[in-house]
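Structural characterization, general
Residue-level listing of the chains:
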Amino acid sequence: MVPGQYDRAEKMVELVHGVSGFHPTYRAFHAVGDIYRGTFTPIPEAKQFTRAMHFQQAVPMTVRFSGGGGNPDAPPSTTADMACKFYFPTGRVTGLISLNADTFVAQNVGQVVGFVDATEPDPETGEKDDAKAMAYISSIPTMTSALALRKKIPAPVSFAKTAYHAIHAFRFVNASGNVRRQACLPTGHLPCRSPVFQSCPPRRQ
Ligand code: HEM
């Protein structure tokens, strides 16, 4: 998290409401979902890479599986998402969110705002301007390819049979203070299995 994300949180939720409508008592996105309770058991190798408490021992967890959209009355889309919370013995709670897409449309908050602005209907006519949207999308090659890939994602058969991707980059510090950057990838189509940690190529700090 960088401070700028907090600064722009309200603006982001406003934009989301503009896209999905405002539905009191529902989350702005991922409006429909179910929460399950369980135990997270890390694979033994995880300790080598991180001193994070939930990778040292089994901890209680909750998982919320949801669809992506913010309108609870809309038909289900092809998105399936998983939000995990891990409850530490100290009382602290940490989370991990993931999507069934392995890429995200935007690389930063500015691109999200630009995307929403470009795809919103004209406030006066209520019409969408496809040319404006396409021009914005085409100006960002990573957005173009992420949207193309999204279209190819098959509709999930069930939340339990979906592969989830925590797209973020993670900085892991182990008990000896060694630092490495990790991508967190699913090992298969079972969301409750511990993720396998794969090294990212070394990068400058
Ligand atoms: C700028 C990009 C993003 C925006 C604007 C955004 C927006 C949101 C919003 C508004 C919510 C609802 C929060 C609430 O009302 O409690 C949400 C929840 C969620 N987001 Fe994002 N999100 C972004 C990126 C991501 C990414 C990259 C992932 C996964 C890799 C992700 C996964 C999720 C999940 C799984 C939830 C559901 C949380 C739950 O079930 O409690 N989001 N997001």
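Overview of the structure.

The rules behind these values
Residues numbered from 1 in each chain as written. Predicted model: local features only at pLDDT ≥ 70, side-chain atom pairs only at ≥ 80, totals over all residues. Heavy atoms only, no water. Helix = DSSP H or I, 4+ residues; strand = E, 2+ residues; numbered from the N terminus. Buried < 20%, exposed > 50% of the residue type's maximum accessible area, 1.4 Å probe, protein only. Contact = heavy atoms within 4.5 Å. Areas by Shrake-Rupley, 256 points an atom, 1.4 Å probe, with all protein chains shown as cover. Axes fitted to C-alpha atoms, helices over the stretch in contact; angles between N-to-C directions. Parallel < 35°, antiparallel > 145°, perpendicular 65-115°, else oblique. Expected span 1.5 Å × (residues − 1). Arc of directions from axis to C-beta. Near = heavy atom within 4 Å. Polar contact = N/O pair within 3.5 Å; in protein donor to acceptor, adjacent residues only side chain to side chain. Nonpolar A, V, L, I, M, F, W, Y, C, P; charged D, E, K, R; others polar.

For the rest of this paragraph, the subject is the overall build of the chain. Broken down by element type, the chain carries 6 helices and 7 strands. The buried share among the 205 residues of the chain stands at 30%. Of all intrachain contacts in the chain linking residues separated by at least 6 positions in sequence, the fraction that spans at least 24 positions is 57%. Counting every atom, the chain has about 13500 Å² of accessible surface; 58% of that belongs to carbon and sulfur.

Take the packing of helix H5 (residues 130-138) against helix H6 (residues 141-151) next. At a minimum axis separation of 6 Å, H5 and H6 run at an interaxial angle of 110°. Judged by the angle between their axes, H5 and H6 are roughly perpendicular. Between H5 and H6, the residues in contact are Tyr136, Ile137 and Ser138 and Met143, Thr144 and Leu147, respectively.

What follows concerns helix H2 (residues 9-20). The terminal C-alpha atoms of H2 lie 16 Å apart, and with 12 residues this matches the ideal 16 Å at 1.5 Å per residue to within 8%. Along H2, the positions that sit buried rather than exposed are Met12, Leu15, Val16 and Ser20. Mapping the buried residues of H2 onto a view down its axis gives an arc of 120°, with all of them on the same face. The exposed set on the far side of H2, more than 90 degrees from its buried face, consists of Glu10, Glu14 and Gly18. If you follow the buried residues of H2, they end up packed against helix H4 (109-119). Among the residues trailing H2, glycine 21 stands out with phi positive, at a value near 85°.

Now for the site of the ligand. Of all residues adjacent to the ligand, which total 17 residues, the nearest are Arg27, Ala28, His30, Arg64 and Val112. Here arginine 27 contributes a side-chain N or O atom positioned 2.9 Å from an oxygen atom of the ligand. Taking alanine 28, its main chain carries an N or O atom lying 3.3 Å from an oxygen atom of the ligand. Secondary structure elements with two or more residues in the shell around the ligand: strand E3 (81-87), strand E4 (93-99) and strand E5 (166-173). Residues that form the shell around the ligand fall into these classes: 10 nonpolar, 4 polar and 3 charged.

Purely geometric stuff here, so don't read any function into it on its own.
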